[in-house]
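The primary structure of each chain is shown beneath.
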There are 2 protein chains.
Amino acid sequence: MENNNIKILLVDDEADILEFLSYNLKKQGYQIFTAKNGKQALIKAKEIIPHLVLLDIMMPEIDGIEACEQIRKIDTLNNTLIAFLTARGEDYSQIAGFEAGADDYISKPIKPKVLVSRIKALLKRHNDYKLDLRIDNQKIIKNGNILIDKNNYKVTVNNEIVNLTKKEFYLLLLLISKPEKVFTRDEIFSSVWGENVVVGDRTIDVHIKKLREKIGDEHIVTIKGFGYKFV
Amino acid sequence: MENNNIKILLVDDEADILEFLSYNLKKQGYQIFTAKNGKQALIKAKEIIPHLVLLDIMMPEIDGIEACEQIRKIDTLNNTLIAFLTARGEDYSQIAGFEAGADDYISKPIKPKVLVSRIKALLKRHNDYKLDLRIDNQKIIKNGNILIDKNNYKVTVNNEIVNLTKKEFYLLLLLISKPEKVFTRDEIFSSVWGENVVVGDRTIDVHIKKLREKIGDEHIVTIKGFGYKFV
DNA sequence: TACTAATCTTAACATAAAATTAACATAGAC
DNA sequence: GTCTATGTTAATTTTATGTTAAGATTAGTA
């Protein structure tokens, strides 16, 4: 997934910290927005619907914890991740606002490398979750002559190992997760490619073709005008 | 994982607290070890390789924070969890503690039930793919023409001694611990390098290359897009 | 403590595999 | 039959991994 489709909202009352974070994250290709207090943060968050909000705890007026709680109440921001920035010396009782609905905390002084890797990990976790790599704890899926081992990313057809590429693997995983359900192209895109990836029209078809070659034509049926299903 | 395979090292300078914690945790079936200061803690930790270290912050000589930092430097203890015990009012140190690489903090006064549930939650994170140097105390591992002697980091391939560096050694140990299992880069990082270490993208590849040179290309297979496995 | 050697990490670049695109073909709905 | 959605293919771009050597770090030793 390209970073430049990822929106991050930075909230801190100190301009130089905003500057510092902005600089390091823009370098990674993220789209950066800023707010200098909780109130502003709420307004901006509603407007831009960021993927991630980095929230300083200590701020005048509405503090980080409260801002977090408010953000959690807005349902267009359901999918937004929230991470706190905390400084050494701040009372932990505030940070305990982890329970306010934050997904991570990052402590100052912030090292750019650590920051970036934490953010990547956060976003990745979020994405994997959607792909149901983590929630669905069924690690081995069997359907007819097809067997998928999620632990090893291994697919077997009639007991013969078939090597699938990443996209093929996730595509198959999606279709097989609900046999007989017709998945629209949009659903496939958002699940396998992610919400904010734009690829051409024929991309899915090409992958479907490769998948059919590898696992057998009969399993993937085209419902013209609607999508594909696994049988 | 059965509780009686779990080793916990308790570190506190007050004997009665050690006693109290010991009693409650032994009741849960954990294997309990104790140390009464930071120095002793380090020695014992190296020796027993506990799953979890419960560390008091305030201690004479080496304090909890420092002990934590030192433990984090020992690579056999990469997968050891560290939790701080803190008295109310010592809030500042909790922040510092997280920075030092702690996984949790538990504040005094300690209620047995809370303690136990926190510990259970912590240990849950300990995924089973992780290399567990503690449970698998088999000192010599053999797989095909490869023989590993955990005592001295020495590996024999076709009866010829091969010297591996520590990183190479742990990497091999991880991969060989589950032949045919595909280990993702994330899994490798968190197991060999530890959660709190950030290294660049190419680091794993370099180590894989060196390992392949030393033990033979055929044993480590790249599954592009997913990870590596040992065969 | 400072020196030395070993190990680890980084960064730049190379390569192979995978993903995407674009041009064109085909089949089914109307 | 025409139109549109999908199929097919090969060329192209992008990405993940491989490789190398230099620089940084660490551990061992004087």
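Visitor: Looking at this structure, I do not really get the overall build of chain A. What am I missing?
Guide: When helices and strands are counted, chain A shows eight helices and twelve strands. Within the span of chain A, comprising 231 residues, buried residues form 46% of the whole. In chain A, of all internal contacts separated by at least 6 residues, the share reaching a separation of at least 24 is 56%. Element-wise, carbon and sulfur atoms account for 51% of the exposed surface of chain A, whose accessible area totals about 12,000 Å².

Visitor: So what exactly am I meant to see when it comes to the protein's contact with DNA strand D here?
Guide: Close to DNA strand D lie 21 residues; A:Arg202, A:Thr222, A:Tyr228, B:Thr222 and B:Tyr228 are nearest. Of all atoms in DNA strand D that approach within 4 Å of the protein, 58% are sugar or phosphate atoms. B:Arg202 places a polar side-chain atom, nitrogen or oxygen, 3.3 Å from a base oxygen of DNA strand D. The set of elements that each furnish at least two residues to the surface near DNA strand D consists of α8 (202–215) of chain A together with α8 (202–215) of chain B. Tallied by class, the residues present in the surface near DNA strand D amount to four nonpolar, four polar and 13 charged.

Visitor: Can you walk me through the protein's contact with DNA strand C in this structure?
Guide: Within the structure, DNA strand C sits among 24 residues, and A:Thr165, A:Gly200, B:Thr165, B:Lys167 and B:Gly200 are positioned closest to it. Take the atoms of DNA strand C that sit within 4 Å of the protein: sugar and phosphate atoms are 74% of them. Separating a phosphate oxygen of DNA strand C from a side-chain N or O atom of A:Thr165 is a distance of 2.4 Å. Separating a phosphate oxygen of DNA strand C from a side-chain N or O atom of A:His207 is a distance of 3.3 Å. Taken together, the elements giving at least two residues each to the surface near DNA strand C come down to α6 (166–177) and α8 of chain A together with α6 (166–177) and α8 of chain B.

Visitor: What's the story with the pairing of strand β7 (residues 146–149) of chain A in this structure? I'm lost.
Guide: Each regular strand displays side chains that alternate between the two surfaces of the sheet. Residue and element names in this part refer to chain A. Taken together, the four bridges between strand β6 (residues 140–143) and β7 define a ladder with antiparallel strand orientation. Bridge pairing in β7 places Ile141 opposite Ile148. Adjacent in sequence and paired antiparallel, β6 and β7 are bridged by two residues, among which Gly144 carries a positive phi angle near 60 degrees. Pairing of β7 with strand β8 (residues 154–157) involves four bridges; the strand directions are antiparallel. Of the residues in β8, the one forming a bridge with Ile148 is Val155. Linking β7 to β8, which pair antiparallel, is a turn of four residues; within it Tyr153 sits at a positive phi near 55 degrees.

Visitor: Is there a simple way to think about α8(A) in this case?
Guide: Given 3.6 residues to a turn, an α-helix orients residues that are three or four positions apart in the same direction. All names here are of chain A. With 14 residues, α8 ought to run about 20 Å at 1.5 Å a step, and its terminal C-alpha atoms sit 20 Å apart, in line with that. For α8, the full list of buried residues reads Ile204, His207, Ile208, Leu211 and Ile215. Along the axis of α8, the buried positions cluster into a sector of 105 degrees, meaning they face one direction only. Opposite its buried face, α8 presents the exposed residues Lys209 and Glu213, each directed more than 90 degrees away. Gly216, located one to two residues past α8, shows a positive phi value of around 105 degrees.

Visitor: Is there a simple way to explain the packing of aromatic side chains in this structure?
Guide: For any pair of aromatic rings, geometry is given as the distance between the ring centres together with the angle between the planes. Residues and elements named next belong to chain A. According to the stated counting rule, one finds seven aromatic pairs over all chains in the structure shown. Taken together, a centroid distance of 5.7 Å and an interplanar angle of 75 degrees make the contact between Phe169 and Tyr170 edge-to-face. Residue Tyr170 is classed as buried on the basis of its relative accessible area of 11%. Ring geometry for Phe189 and Trp193: centres 5.4 Å apart, planes at 70 degrees, overall edge-to-face. With Phe189 and Trp193 both in helix α7 (residues 185–193), this residue pair falls four residues apart, about one helical turn. In this pair, the class of Phe189 matches that of Trp193, namely buried.

Visitor: Sorry if this is basic, but what is going on with the side chain of B:Arg212 here?
Guide: Residues and elements named next belong to chain B. As for its placement among the helices and strands, Arg212 is situated in helix α8. As a buried residue without a salt bridge, Arg212 has its nearest oppositely charged side chain in Asp217, at a separation of 5.4 Å. Polar side-chain contacts of Arg212 include one of 3.0 Å to the backbone oxygen of Ile220. Apart from residues lying up to four places away in sequence, Arg212 is in contact with Asp217, Ile220, Val221, Thr222 and Tyr228.

What counts and how
Residues numbered from 1 in each chain as written. Chains lettered and ligands numbered in written order. Predicted model: local features only at pLDDT ≥ 70, side-chain atom pairs only at ≥ 80, totals over all residues. Heavy atoms only, no water. Helix = DSSP H or I, 4+ residues; strand = E, 2+ residues; numbered from the N terminus. Buried < 20%, exposed > 50% of the residue type's maximum accessible area, 1.4 Å probe, protein only. Contact = heavy atoms within 4.5 Å. Areas by Shrake-Rupley, 256 points an atom, 1.4 Å probe, with all protein chains shown as cover. Near = heavy atom within 4 Å. Polar contact = N/O pair within 3.5 Å; in protein donor to acceptor, adjacent residues only side chain to side chain. Nonpolar A, V, L, I, M, F, W, Y, C, P; charged D, E, K, R; others polar. Pairing = 2+ DSSP bridges. Expected span 1.5 Å × (residues − 1). Arc of directions from axis to C-beta. Phe/Tyr/Trp six-rings, centres within 6.5 Å; stacked < 30°, edge-to-face > 60°. Lys, Arg positive; Asp, Glu negative; His and termini not counted. Salt bridge = Lys/Arg side-chain N within 4 Å of Asp/Glu carboxyl O.

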